[in-house]
Amino acid sequence: MSVAFAGNSTTSPSREAGPLRVMIVDDSVVIRGLISRWVGAEHDMEVAASLRTGLEAVNQIERISPDVAVLDIEMPELDGISALPQLLAKKRDLVIIMASTLTRRNAEISFKALSLGAADYIPKPESTREASAADIFHHDLIQKIRHLGARLRRKSAVASPPLAPASPAPAARGLIPRPASPAPAPALHALSSGPLTTRPFSTQAPKVLLIGSSTGGPQALMALVTELGPVIDRVPVLITQHMPPTFTTILAEHLARSSRKPAAEAVDGEPVKPGRIYLAPGGKHMRVVRNGADVAIALDDGPAVNFCKPAVDPLFTSAIDIWHGSILSVILTGMGSDGMRGGKDIVAAGGSVIAQDEASSVVWGMPGAAANAGICAAILPLNQIGAKVNRLFAGDRS
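Residues numbered from 1 in each chain as written. Predicted model: local features only at pLDDT ≥ 70, side-chain atom pairs only at ≥ 80, totals over all residues. Heavy atoms only, no water.

**Q** What is the right way to read the sheet that holds strand β12 (residues 327–331) from this model?
**A** Sheet strands associate in pairs through backbone hydrogen bonding, adopting either a parallel or an antiparallel arrangement. Strand order in the open sheet formed by seven strands is β8-β9-β7-β6-β12-β13-β14, and the pairing between neighbours is parallel. At either end of the open sheet lies a strand with only one pairing partner, and these are β8 (263–265) and β14 (378–380). On average, each strand axis in the sheet is inclined to that of its neighbour by 20°, with strand direction left out of account. Two strands pair when backbone bridges link them, and strand β6 (residues 208–213) and strand β7 (residues 237–241) are joined in this way by five bridges, in the parallel orientation. Considered in β7, the bridge of S213 is made with Q241. (Pairing = 2+ DSSP bridges. Helix = DSSP H or I, 4+ residues; strand = E, 2+ residues; numbered from the N terminus. Axes fitted to C-alpha atoms, helices over the stretch in contact; angles between N-to-C directions.)

Now the structure itself:
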């Protein structure tokens, strides 16, 4: 398909109708062509523009009016991190996904971009000639565009409900007619046929805290660990965040600063002890195993689970052999359903699951899947999870 400009009209579709309009900003003609073909092949999205520099994007953003921008970090004239705040200043509800190669510098810039308002990041393969790397990039990028764009439209629909039609004056009872309420928006990958139900927390005292997260997870994790000091001092905390190599190295450093506790990528064979945060390294699944009387980290390079590597389910299920029902697990924001099956196994063994609620999640896929499976003892906003976890480890079982 032609890549230059698709849909050059200055009038964009309404937020509630039509395909998601995607603006691709990358100085590589190969990457622009790939992403344009992928986006153009999807029924629910279209290429709004394909641009070479951040300066072109800033100058044309108001005319193009995209829903989502895929923004490269390294570009001539105006790079991605410099263009980001200017794009958001002109279109504050724009969903921006930063794209970069897997270098430490780009990982640091991607984290900075999240703090400046980017919705997410995606690593670009070193070479698009490697089929498996291109396939993963393709799958992840399309999923991020779809789910982050859909969340934008749900928020827009709630913020701008349709006006209620005029109605006759109420009868002599003096009742004031209620304003029309918009229909509730469905959750992504977590449609529920009725009210969500929770189960009681385990009566067993937890001996470990397990956390799984994906899209939106870095910000959520850094906020959560600031509140978990008393828990980290008492038990080991193990985290799987869907994230590539190098990015997990940077995330571990951020978690150490936020929590003021030791935090690092887990190392194969190292003992699992209280007082530390262990983060699954990018590209490896993290499990726990018995090593004599001790517990140790086991990393493996096996196939992706739930399209993810590292994945949450391997950590969750392996912990049951060690701690049985004395497990508290938390599932934070993220696409897909990773963690739900492992959470089911934890609950069957006697442990407990807490899920982040939809309103505070960037994408309510993973926590929504757990919530709708009926395995959660609590479904909470992010700003209430830390306090609840502290109370549970202090002896509260309610």
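**Q** Quick question: what am I supposed to make of the side chain of N106 here?
**A** Structurally, the position occupied by N106 is in helix α4 (residues 104–116). Among the residues examined, N106 registers a relative accessible area of 1% and is labelled buried. Within the local environment of N106, its side chain forms a polar contact with the side chain of T101, the two groups lying 3.0 Å apart. In terms of polar contacts, N106 uses its side chain to reach the side chain of R105, at 3.4 Å. Contact partners of N106, with chain neighbours within four places excluded, come to I73, E74, S100 and T101. (Buried < 20%, exposed > 50% of the residue type's maximum accessible area, 1.4 Å probe, protein only. Polar contact = N/O pair within 3.5 Å; in protein donor to acceptor, adjacent residues only side chain to side chain. Contact = heavy atoms within 4.5 Å.)

**Q** Help me understand the pattern of salt bridges, please; the structure alone is not making it clear to me.
**A** Charged atoms that come close allow side chains of opposite charge to pair. Using the criterion set out here, one finds 15 salt bridges in the structure. We note a salt bridge from R146 to D44, for which the minimum N-O separation is 2.6 Å. In this pair, R146 sits in helix α5 (residues 131–159) while D44 sits in the loop between α1 (29–40) and β2 (45–51), placing the two residues 102 residues apart along the sequence. In this pair, the class of R146 matches that of D44, namely buried. Between D396 and R391 there is a salt bridge, with the nearest N and O atoms lying 3.9 Å from each other. The exposure class of D396 is partly exposed, given its relative accessible area of 24%. Residue classification places R391 among the partly exposed residues on the basis of a relative accessible area of 41%. (Salt bridge = Lys/Arg side-chain N within 4 Å of Asp/Glu carboxyl O.)

**Q** Got a minute to help me understand the sheet that holds strand β5 (residues 120–123) in this structure?
**A** With parallel pairing, the five strands of this open sheet are ordered in space as β2-β1-β3-β4-β5. Each edge of the open sheet is held by one strand with a lone partner, namely β2 and β5. Across the sheet, the mean angle from the axis of one strand to that of its neighbour is 20°, orientation sign disregarded. Where strand β4 (residues 95–100) meets β5, four bridges bridge the pair, whose relative direction is parallel. Bridge pairing links A99 to I122 in β5.

**Q** Sorry, what's going on with the nonpolar core here?
**A** Where a protein is soluble and globular, its nonpolar side chains tend to be buried together. Counting 64 residues, the largest nonpolar core has M23, L87, L209, I354 and V389 as the members making the most contacts within it. In this structure V389 touches L209, L228, V231, L328, V330 and I354, once residues within four positions along its chain are discounted. In terms of nonpolar packing, the next biggest core, distinct from the first, is built from 30 residues, A280, V312, F316 and A319 among them. (Core = buried A, V, L, I, M, F, W, Y, C linked by side-chain atoms within 4.5 Å.)

**Q** Explanation requested: the packing of aromatic side chains in the structure shown.
**A** Geometrically, a pair of aromatic rings is defined through the distance of the ring centres and the angle of the planes. Taken as a whole, this structure holds two aromatic pairs when the rule is applied. Geometrically, the ring pair formed by W38 and F137 is edge-to-face, given 5.6 Å between the ring centres and 75° between the ring planes. Highlighted residues: W38 in helix α1 and F137 in helix α5, separated in sequence by 99 residues. Each member of the pair, W38 as well as F137, carries the same accessibility label: buried. Ring centres 5.1 Å apart and planes at 20° place the aromatic pair Y121 and F247 in the stacked group. With Y121 in strand β5 and F247 in helix α8 (residues 247–259), this pair connects stretches of sequence that are 126 residues apart. Sitting over the ring of Y121, K144 keeps its end group 5.6 Å from the ring centre. Residue placement shows R276 over the ring face of Y278; its charged tip is 5.8 Å from the ring centre. (Phe/Tyr/Trp six-rings, centres within 6.5 Å; stacked < 30°, edge-to-face > 60°. Lys NZ or Arg CZ within 6 Å of the ring centre and 35° of its normal.)

**Q** What am I meant to see in helix α2 (residues 54–64) here?
**A** An α-helical segment advances 3.6 residues per turn. Residues three or four places apart therefore align on the same side. Every buried residue belonging to α2 is among G54, A57, V58, Q60, I61 and I64, and all of these are buried. Summarising the contacts, the buried residues of α2 are in contact with β1 (20–25), β2 and α3 (80–90). Looking one or two residues beyond α2, the residue adopting positive phi is S65, at roughly 50°.

**Q** Would you take a moment to explain the pairing of β4 for this structure?
**A** Within a regular strand, side chains alternate between the sheet's two faces. Most of β4 is tucked away: six of the six residues are buried. Burial of the side chains of β4 extends over both faces: V95, I97 and A99 are buried on one face and I96, M98 and S100 on the other. Summarising the sheet, strand β3 (residues 68–72) and β4 pair through five bridges and their orientation is parallel. Directly across from V70, in β4, lies its bridge partner I97.

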